[in-house]
Amino acid sequence: MIRHSLFATSALFSMALCGAAWAQATHPETGEPLAEDQTFQYRLQDQFPSLDPQLIEETAGGHVARQIFEGLLTQNADGTLRPGVAEEWTSEDNQTWVFTLRDDARWSNGDPVTAHDFVYAWQRAADPATASEYAWYVELSQIRNAAAVIAGEVGPEELDVRAIDDRTLEVTLGQPLPYFPQMTVHYTFMPTHQPTVEAHGANWTNPENIVSNGAYVLDQIAVNEFFHLVPNPEYWGADDAIITEITGYVINDANQALNRFHAGEFDMMDDLPAGSYPRLEEEMPDTAHSVPRLCSYYYAVNQSENGHEALQDPRVRQALSYAINRNVITDQILQAGQAPAYSFTHWATAGFELPEIEYATWTQEERMARALELMEEAGYGPDNPIEINLIYNTSENHRQIATVISQMWRPLGVTTVLNNYEWQSYLDIRGNQNFDVARGAWCGDYNEASTFLDLMTSSNANNDGKYFSEDVDRLMTESVSEADPQPTYTQVEQILAEDMAILPIYHYTQNFVLDPTIRNWPMQNVENNWYVRDIYRAAE
């Protein structure tokens with residue numbers, strides 16, 4: 001059982017702020033003088049499609065959700081768990097979990113946040129009527145009856161999560177899962193305010209309608225331009241949040257965004273222009289950062305019934321993968337500490353050991369020689385060329401990588417047609433399998449290897465290539481109940497490499513620029529989960 005002890009000095013800090021101007025206040029823990037300006041601005045590459053916790057399916061929306069909603073648990077700067085709405089959580093057997101909610105949690109309209117709000121949200125996430133792209137996540141969490149609810153075989157009220165009373169939430173899993181509390185950090189499991197959803201339907205997240213329970217509330221949004229958040233006075237920790245405004249600017253072009261960062265228009269941007277990091281690190285060592293991030297960059301291959309005939313042959317998929325010189329991409333294009341990937345799960349995943357993948361040990365010359373052999377064995381090559389439609393979401397970095405890879409594939413007799421789309425269109429096209437090869441990236445929803453490998457199971461809605469392996473499905477099911485699932489994970493990775501279910505390309509780093517006056521940024525959180533209520537701006 002864990003008890004909350006965060007911000008023990010909050011009362012003292014509040015008194016300090018009330019009794020002095022911002023410029024005279026100091027941080028209660030570090031003693032640093034605080035700047036008068038306590039606003040925070042950052043750049044987003046793409047507009048998030050939704051702020052509904054049960055409908056969010058990508059990282060940009062997830063970052064905003066962590067500011068305006070709060071789940072049962074959140075994370076410290078190093079990624080360890082800390083209380084959120086729940087102040088205690090316990091389980092005798094890792095199968096039945098009981099969360100005790102704090103009595104001062106409030107929605108932005110003043111209503112208390114109760115266990116019933118979580119029951120509603122979690123049932124809603126699994127309900128087929130919601131059409132959540134993350135319904136599979138509820139099943140992955142092993143909540144009893146989740147699979148049947150998602151399949152429409154029983155109603156959402158059969159999901160085994162119940163409010164014992166307003167402050168006690170009990171969740172029963174189909175089998176023990178020791179890392180279940182970690183999974184509750186994800187936005188899919190954040191609460192939603194039922195009266196607001198029912199009153200406004202799809203428009204409930206509009207600024208004039210939304211009711212949320214995080215440290216900030218949505219004040220304004222202009223699609224494809226910006227959004228603006230202000231403090232939520234009803235938040236239980238409102239007195240501890242130092243930043244007074246958050247603004248996110250949607251700027252797709254990375255070079256333009258970097259110029260605007262240099263001009264002081266915002267405090268943070270990631271997804272830096274390819275190849276820019278070494279210069280930025282040399283010129284601004286206190287501003288440019290590169291840290292491990294739990295994401296893997298890959299190409300999905302359409303293996304559905306309407307996929308390219310040649311790509312149904314694993315020998316062709318292997319050839320395409322072997323022909324990719326990953327070191328060129330990481331060392332010459334990106335240049336920000338990324339690692340070549342020959343398997344899917346990110347190397348920094350907690351408790352995970354990278355598997356031995358045979359082609360990872362070959363030289364690039366050996367890989368290319370084998371790729372040519374495989375294409376010939378499959379009946380393709382320069383004498384019988386194929387044309388592939390490769391899609392990616394609009395980004396100069398993605399374009400550069402796709403261009404280079406298309407050149408690497410030419411000796412195989414492969415002509416690549418590149419097509420880019422804005423973010424929402426790209427998600428729709430990829431989700432409907434209207435592609436041959438699609439850029440993909442997967443960021444861990446929690447820090448355990450199954451967050452990557454479950455993507456390749458047949459029931460996962462984000463398995464956009466529609467790869468199917470009975471062995472992978474079975475092994476991932478078995479892994480849930482194993483005390484040490486590493487051998488199973490290794491076996492799954494080896495099957496994925498043999499089938500070349502996806503084409504792994506590189507493991508991410510989080511390379512970004514951050515105004516050095518912004519302090520307490522969670523550099524050690526490999527999941528890149530950041531909460532603005534934790535940061536502050538120091539006086540220069």
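First, a word on what this report is: a plain description of the structure on this page. (Residues numbered from 1 in each chain as written. Predicted model: local features only at pLDDT ≥ 70, side-chain atom pairs only at ≥ 80, totals over all residues. Heavy atoms only, no water.)

## A closer look at the environment of Arg-410
Turning to step 1, where the next piece is worked out: Looking at the secondary structure, you find Arg-410 in the loop between α13 (396–409) and β15 (414–421).
Turning to step 2, where the next piece is worked out: Along the primary structure Arg-410 and Met-456 are separated by 46 residues, whereas in three dimensions their C-alpha atoms are 28 Å apart. (Helix = DSSP H or I, 4+ residues; strand = E, 2+ residues; numbered from the N terminus.)

## Overview of the side chain of Thr-196
Turning to step 1, where the next piece is worked out: Mapping Thr-196 onto the fold places it in helix α7 (residues 194–200).
Turning to step 2, where the next piece is worked out: On the basis of relative accessibility, which here comes to 6%, the residue Thr-196 falls in the buried class.
Turning to step 3, where the next piece is worked out: Among the polar contacts made by the side chain of Thr-196, one reaches the side chain of His-193 at a distance of 2.6 Å.
Turning to step 4, where the next piece is worked out: Dropping the residues within four chain positions of it, Thr-196 is found in contact with Gly-201, Trp-204, Asn-209 and Val-211. (Buried < 20%, exposed > 50% of the residue type's maximum accessible area, 1.4 Å probe, protein only. Polar contact = N/O pair within 3.5 Å; in protein donor to acceptor, adjacent residues only side chain to side chain. Contact = heavy atoms within 4.5 Å.)

## Some thoughts on helix α3 (residues 115–126)
Helical geometry note: an α-helix holds 3.6 residues per turn, so side chains three or four residues apart project in the same direction.
Turning to step 1, where the next piece is worked out: The terminal C-alpha atoms of α3 lie 17 Å apart, and with 12 residues this matches the ideal 16 Å at 1.5 Å per residue to within 8%.
Turning to step 2, where the next piece is worked out: By the criterion of burial, α3 is predominantly enclosed, with 11 of the 12 residues buried.
Turning to step 3, where the next piece is worked out: The complete set of buried residues in α3 reads Ala-115, Asp-117, Phe-118, Val-119, Tyr-120, Ala-121, Trp-122, Gln-123, Arg-124, Ala-125 and Ala-126. (Expected span 1.5 Å × (residues − 1).)

## Brief notes about the sheet that holds strand β4 (residues 86–90)
Turning to step 1, where the next piece is worked out: Spatially, β4-β5-β7-β6 is the arrangement adopted by the four strands of the open sheet, whose pairing is antiparallel. Sheet topology places β4 and β6 (161–165) at the edges, where each strand pairs with a single neighbour. Adjacent strand axes in the sheet meet at a mean angle of 20°, parallel and antiparallel pairs treated alike.
Turning to step 2, where the next piece is worked out: Examined bridge by bridge, strand β5 (residues 96–101) and strand β7 (residues 168–172) share five bridges and lie antiparallel to one another. If you follow Trp-97 over to β7, its bridge partner there is Val-171. (Pairing = 2+ DSSP bridges. Axes fitted to C-alpha atoms, helices over the stretch in contact; angles between N-to-C directions.)

## Digging into the packing of aromatic side chains
Turning to step 1, where the next piece is worked out: The tally for this structure, following the rule as stated, stands at 37 aromatic pairs.
Turning to step 2, where the next piece is worked out: For the pair Trp-97 and Phe-180, a centre-to-centre distance of 6.4 Å together with 35° between the ring planes defines the contact as tilted. In this pair, Trp-97 is assigned in strand β5 and Phe-180 in helix α6 (residues 180–183), connecting sequence segments 83 residues apart. Phe-180 carries the same exposure label as Trp-97, and that label is buried.
Turning to step 3, where the next piece is worked out: The residue whose ring lies beneath Arg-82 is Tyr-531, and the NZ or CZ to ring-centre distance is 5.2 Å.
Turning to step 4, where the next piece is worked out: We note Arg-102 situated over the ring of Trp-236; from NZ or CZ to the ring centre the distance is 3.5 Å. (Phe/Tyr/Trp six-rings, centres within 6.5 Å; stacked < 30°, edge-to-face > 60°. Lys NZ or Arg CZ within 6 Å of the ring centre and 35° of its normal.)

## A few points about the state of the cysteines
Turning to step 1, where the next piece is worked out: Tallied over the entire structure, the rule returns one disulfide.
Turning to step 2, where the next piece is worked out: Paired through a disulfide, Cys-295 and Cys-443 show a sulfur-sulfur distance of 2.1 Å. Torsion about the S-S bond of the Cys-295 and Cys-443 cystine: about 110°, corresponding to right-handed handedness. In this pair, Cys-295 sits in strand β12 (residues 288–301) while Cys-443 sits in strand β16 (residues 437–443), placing the two residues 148 residues apart along the sequence. Taken individually, Cys-295 and Cys-443 each receive the classification buried, so the pair is uniform in this respect. (Disulfide = S-S within 2.5 Å.)

## Side note on the nonpolar core
Turning to step 1, where the next piece is worked out: Membership of the largest hydrophobic core comes to 107 residues, with the highest contact counts inside it found for Phe-40, Phe-99, Trp-122, Ile-143 and Leu-169.
Turning to step 2, where the next piece is worked out: By residue number, the principal contributor to this core is α3, which donates eight residues.
Turning to step 3, where the next piece is worked out: Residue contacts for Leu-169: discarding those within four places in its chain leaves Leu-72, Trp-97, Val-98, Phe-99, Leu-101, Ala-115, Phe-118, Val-119, Trp-122, Val-161 and Arg-162.
Turning to step 4, where the next piece is worked out: Within the second largest apolar cluster, 44 residues are counted, among which are Val-316, Ile-324, Val-437 and Cys-443. (Core = buried A, V, L, I, M, F, W, Y, C linked by side-chain atoms within 4.5 Å.)

## A closer look at the pairing of strand β10 (residues 245–250)
Turning to step 1, where the next piece is worked out: Examined bridge by bridge, strand β1 (residues 39–44) and β10 share six bridges and lie parallel to one another. When the bridges of β10 are listed, Leu-44 appears paired with Val-250.
Turning to step 2, where the next piece is worked out: Of the pairings in the sheet, the one linking strand β9 (residues 226–231) to β10 comprises four bridges and is antiparallel in character. The residue of β10 that forms the bridge with His-228 is Thr-247.

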